[in-house]
Amino acid sequence: TGGMEGEVRVWEMKSKEMISHLKQHTSRVTKVELFDDDVHLVTCSRDKSLLVWDLRSEKRVSAHAQRMGGINSFAIAPDQNQILTVGQDRKITLWDLREANPIRIQETSLDRNNSDECFGICLSSDGKHFATAGAGEVLRLWEFETGKLVAEGRGHSGCMTSVAFSHDNKQIITCGRDGCVFVWNVYLQ
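Report on the accompanying structure. (Residues numbered from 1 in each chain as written. Predicted model: local features only at pLDDT ≥ 70, side-chain atom pairs only at ≥ 80, totals over all residues. Heavy atoms only, no water.)

Let's shift gears to the overall build of the protein chain. On a plain count of helices and strands, the protein chain comes out with zero helices and 17 strands. By the compact-globule yardstick of 16 Å for 189 residues, the protein chain fits well, its C-alpha radius of gyration being 16 Å. The principal-axis extent of the C-alpha atoms belonging to the protein chain is close to 45 × 35 × 30 Å. Counting every position in the protein chain, which comprises 189 residues, the buried fraction comes to 49%. Here the analysis covers contacts within the protein chain between residues at least 6 apart in sequence; of these, 34% occur between residues at least 24 apart. For the protein chain, the accessible surface area stands at approximately 10200 Å², while carbon and sulfur atoms represent 47% of it. Across the protein chain, 23 positive and 26 negative side-chain charges occur, with their mean positions spaced 3 Å apart. (Helix = DSSP H or I, 4+ residues; strand = E, 2+ residues; numbered from the N terminus. Rg over C-alpha atoms; globule rule 2.2 N^0.38 Å. Buried < 20%, exposed > 50% of the residue type's maximum accessible area, 1.4 Å probe, protein only. Contact = heavy atoms within 4.5 Å. Areas by Shrake-Rupley, 256 points an atom, 1.4 Å probe, with all protein chains shown as cover. Lys, Arg positive; Asp, Glu negative; His and termini not counted. Charge placed at Lys NZ, Arg CZ, Asp CG, Glu CD.)

A few words on the side chain of Asp-89. As for its position among the elements, Asp-89 is in the loop between β8 (82-87) and β9 (91-96). An unpaired buried charge is present at Asp-89: no salt bridge exists, and Lys-91, the closest side chain of opposite charge, is 6.3 Å distant. Among the polar contacts made by the side chain of Asp-89, one reaches the side chain of Gln-66 at a distance of 3.5 Å. Discounting chain neighbours no more than four positions away, the residues touching Asp-89 are Gln-66, Met-68 and Gly-69. (Salt bridge = Lys/Arg side-chain N within 4 Å of Asp/Glu carboxyl O. Polar contact = N/O pair within 3.5 Å; in protein donor to acceptor, adjacent residues only side chain to side chain.)

Strands sit in the order β11-β12-β13-β14 across an open sheet of four strands; the sheet is antiparallel. Because the sheet does not close on itself, it has two edges, and the strands there are β11 (118-123) and β14 (149-154). Put simply, the sheet's adjacent strands are angled 15° from each other on average, direction ignored. Relative to β14, strand β13 (residues 138-143) is paired through five bridges, and the arrangement is antiparallel. (Pairing = 2+ DSSP bridges. Axes fitted to C-alpha atoms, helices over the stretch in contact; angles between N-to-C directions.)

Here we come to the pairing of strand β6 (residues 59-65). Strand direction decides the pairing type here: strand β5 (residues 49-54) and β6, joined by six bridges, are antiparallel. Bridge pairing links Leu-50 to His-64 in β6. Connecting β5 to the next strand, β6, in antiparallel fashion are four residues, including Glu-58 with a positive phi near 55°.

Evaluated as defined, the whole model comprises two aromatic pairs. Ring centres 6.0 Å apart and planes at 10° place the aromatic pair Phe-130 and Trp-142 in the stacked group. Remark: Trp-142 occurs in strand β13 and Phe-130 occurs in strand β12 (residues 129-134); sequence separation between them is twelve residues. Directly above the aromatic system of Phe-74 lies the positively charged group of Lys-31, at a separation of 4.7 Å from the ring centroid. (Phe/Tyr/Trp six-rings, centres within 6.5 Å; stacked < 30°, edge-to-face > 60°. Lys NZ or Arg CZ within 6 Å of the ring centre and 35° of its normal.)

Where strand β1 (residues 7-12) lies against strand β2 (residues 17-23), six bridges are found, and the strand directions are antiparallel. Bridge pairing links Trp-11 to Met-18 in β2. The antiparallel pairing of β1 with β2 creates a hairpin that spans four residues between the two strands, and Lys-16 there sits at a positive phi of about 65°.

In structure tokens:
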């Protein structure tokens, strides 16, 4: 779990005991996610940082920080070496965990004056596309390799807070502060 003061806590599910307490973020933790190996954990925070942890040693193994604005969410690529982040800077940033600097930084909209703060980002299971959703109430579908915008969808009447692909990548589900859950059909070759 992630805390408001930057704490990350790891819990034993059966006993409900805290087994680890990791504290390096200096502001609210906005997302936590385990790698497939159940040993490494990724966290992001409003303190502008993306951290990777080794849970066995309880140590940070990688740290990436963006220049402006906190990070609201991230999506891990299928190869688990690359991560996309979105946040207060109104940009989509592609990181390679083996490198210090981002690979690509792009606006959250083709119209630079219309970029919005995204609160959700997700990758398709095949790693070919990603989707973003945020304060602008617009779902955007992008190509992962090029960062090219593929499609946009409007429907929410409030900030979109979450986005996810269905397992077959044929639908995208969004949630918003308007209290709605939308299911979007995706038609891609």
